[in-house]
Amino acid sequence: MKLPRSIAGWTIAVFGVLALVMGAVGLLWPEAQLRMLGFEVPATRSVGDHTGTFLLASSVAAFNMGVYYLLATVTEWRVFYRFTVVFRLVTFTVFTIAVLADIAPDRFFGVAAWEGLGAVATAIGLRLDARRGIPAGGVGSSEGAGTTAVAEEGTGPAGAAPADAVR
């Protein structure tokens, strides 16, 4: 895998790796996942308790999300980076409210804090990258193998459409 080429890319990569790992932990060792989040792990579950099913679904989602984040990092998909800032702040808000309303244990606030701090870190990374001259749609240097550059109008072969550069 290629290393991230921007500050914001590094924040997305870190989150992607951790989502991937935590999803794998939830799939392979669900009791550890529940304990880390502050949930009780009874010796036996009562009939109708679907905690395991819900944890399985959440873990697969986290694992897949980690893959998506890493793919966004490899392609330097900056629109995705900006999208995650907004929705990680929404996640921070929802998880914080869940803790404050006693819907989730206090330790679950760590998940909320991780989401909020990650969103802020990515937002700061995007701003710093913009100041460094990394354009919103790609990398700022010719080292960006795998990225598509848009030719200036009037250059290139006659009839070449700028849409050819759309990802």
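Everything here concerns the structure above.
Conventions and cut-offs
Going along each chain's sequence as written, the residues are numbered from 1 onward. It should be noted that, the model being predicted, local features are given only for residues of pLDDT at least 70 and side-chain atom pairs only at 80 or more, the latter also being counted only at that level, while totals for whole chains, interfaces and linings use all residues. Hydrogens and water molecules were not included; the side-chain quantities draw on all heavy atoms of the structure. A run of H or I in DSSP counts as a helix once it spans at least four residues, and a run of E counts as a strand once it spans at least two, with each numbered from the N terminus. Exposure classes here rest on a 1.4 Å probe applied to the protein chains alone. A residue is buried below 20% of its type maximum, exposed above 50%, and partly exposed in between. Contacts are residue-level and defined by heavy atoms, with any inter-residue pair within 4.5 Å sufficient. Values of accessible area rely on a 1.4 Å probe in the Shrake-Rupley scheme; residue burial ignores everything except the protein chains shown. Salt bridges are defined as contacts in which a side-chain nitrogen from Lys or Arg sits within 4 Å of a carboxyl oxygen from Asp or Glu. To get an axis, a line is fitted to the C-alpha atoms, and for a helix only the part in contact is used. The angle between two axes follows their N-to-C directions and goes from 0 to 180 degrees. In these notes the angle categories are as follows: under 35 degrees is roughly parallel, over 145 is roughly antiparallel, 65 to 115 is roughly perpendicular, and the rest is oblique. Left-handed describes a crossing in which the near helix is turned anticlockwise from the far one by less than a right angle; the clockwise case is right-handed. Residue polarity follows a fixed list, in which Ala, Val, Leu, Ile, Met, Phe, Trp, Tyr, Cys and Pro are nonpolar, Asp, Glu, Lys and Arg are charged, and the others, Gly among them, are polar. A helix is expected to reach a length of 1.5 Å times the quantity of its residues less one. Polar contacts here mean pairs of N or O atoms no more than 3.5 Å apart (in protein, one a potential hydrogen donor and the other a potential acceptor; neighbouring residues in sequence count only if both atoms are side-chain atoms). The pairing test for Phe, Tyr and Trp rings, Trp by its six-membered ring, is centres within 6.5 Å, and the orientation test on the planes gives stacked under 30 degrees, edge-to-face over 60, and tilted for anything in between. By nonpolar core is meant a set of buried Ala, Val, Leu, Ile, Met, Phe, Trp, Tyr and Cys residues that side-chain atoms within 4.5 Å join together.

Counting secondary structure elements, the protein chain contains 5 helices and 0 strands. In sequence order, the secondary structure elements of the protein chain are arranged as α-α-α-α-α. Evaluated residue by residue, the protein chain yields a buried proportion of 30% over its 167 residues. Taking as baseline every contact in the protein chain between residues at least 6 positions apart, the subset at least 24 positions apart corresponds to 71%. Just so you have it, the protein chain exposes about 10,600 Å², and 69% of that area is on carbon and sulfur atoms.

Turning to the pattern of salt bridges, a few remarks are in order. As enumerated under the stated definition, the model contains 5 salt bridges in all. Between Glu76 and Arg78 there is a salt bridge, with its nearest N and O atoms 2.9 Å apart. Comparing Glu76 with Arg78 shows no difference in burial state: the two are buried. In this structure, Arg78 engages Asp129 in a salt bridge whose closest nitrogen and oxygen atoms are separated by 3.2 Å.

Another point: the packing of helix H4 (residues 78-100) against helix H5 (residues 109-132). Closest axis-to-axis distance for the H4/H5 pair is 8 Å, and the angle between their directions is 155°. By the angle between their axes, H4 is roughly antiparallel relative to H5. Viewed along their axes, H4 and H5 form a crossing whose handedness is left-handed. Residues belonging to the contact of H4 with H5 are distributed by class as follows: 14 nonpolar, 6 polar and 5 charged.

Structurally, the position occupied by Val74 is in helix H3 (residues 51-75). Counting along the chain gives 71 residues from Val74 to Leu3, while the straight-line C-alpha distance between them is 7.3 Å.

Turning to helix H1 (residues 7-28), a few remarks are in order. Across its 22 residues, H1 extends 32 Å between first and last C-alpha, which sits within 8% of the 32 Å expected from 1.5 Å per residue. Every buried residue belonging to H1 is among Ala8, Gly9, Thr11, Ile12, Ala13, Phe15, Gly16, Ala19, Gly23 and Gly26, and all of these are buried. Of the surrounding secondary structure, the elements contacted by the buried residues of H1 are helix H2 (30-36), H3, H4 and H5. Where H1 begins, the side chain of Ser6 points an oxygen toward the backbone nitrogen of Gly9, at a separation of 2.9 Å.

Okay, the packing of aromatic side chains next. Applying the stated criterion across every chain yields a total of 7 aromatic pairs. Ring geometry for Phe15 versus Trp114: centroids 6.2 Å apart, planes at 20°, classification stacked. Pair noted here: Phe15 is in helix H1 and Trp114 is in helix H5, with a separation of 99 residues, a long-range link. Of the residues examined, Trp114 reaches a relative accessible area of 36% and is grouped as partly exposed. Considering the side-chain rings of Phe95 and Phe108, the 5.0 Å spacing of their centres and the 55° angle between planes classify their relative orientation as tilted. In this pair, Phe95 is assigned in helix H4 and Phe108 in the loop between H4 and H5, connecting sequence segments 13 residues apart. A network of ring pairs unites the aromatic residues Phe15, Tyr69, Trp77, Phe80 and Trp114 as a single cluster.

To continue, consider the side chain of Glu115. Relative to the helices and strands, Glu115 resides in helix H5. Dropping the residues within four chain positions of it, Glu115 is found in contact with Phe15, Arg88, Thr91 and Phe92.

Ala8, Ile12, Phe15, Ala19, Tyr69, Ala72, Phe80, Tyr81, Val85 and Leu126 together form the largest nonpolar core, which totals 10 residues. At the level of secondary structure, the elements contributing two or more residues to this core comprise H1, H3 and H4. If one sorts the elements of this core by residue count, H1 sits on top with 4 residues. With residues up to four places along the chain from it excluded, the contact list for Ala8 reads Arg78, Tyr81, Thr122, Gly125, Leu126 and Asp129. Residues Leu37, Val99, Ala104 and Phe108 belong to the second largest nonpolar core, which totals 5 residues.

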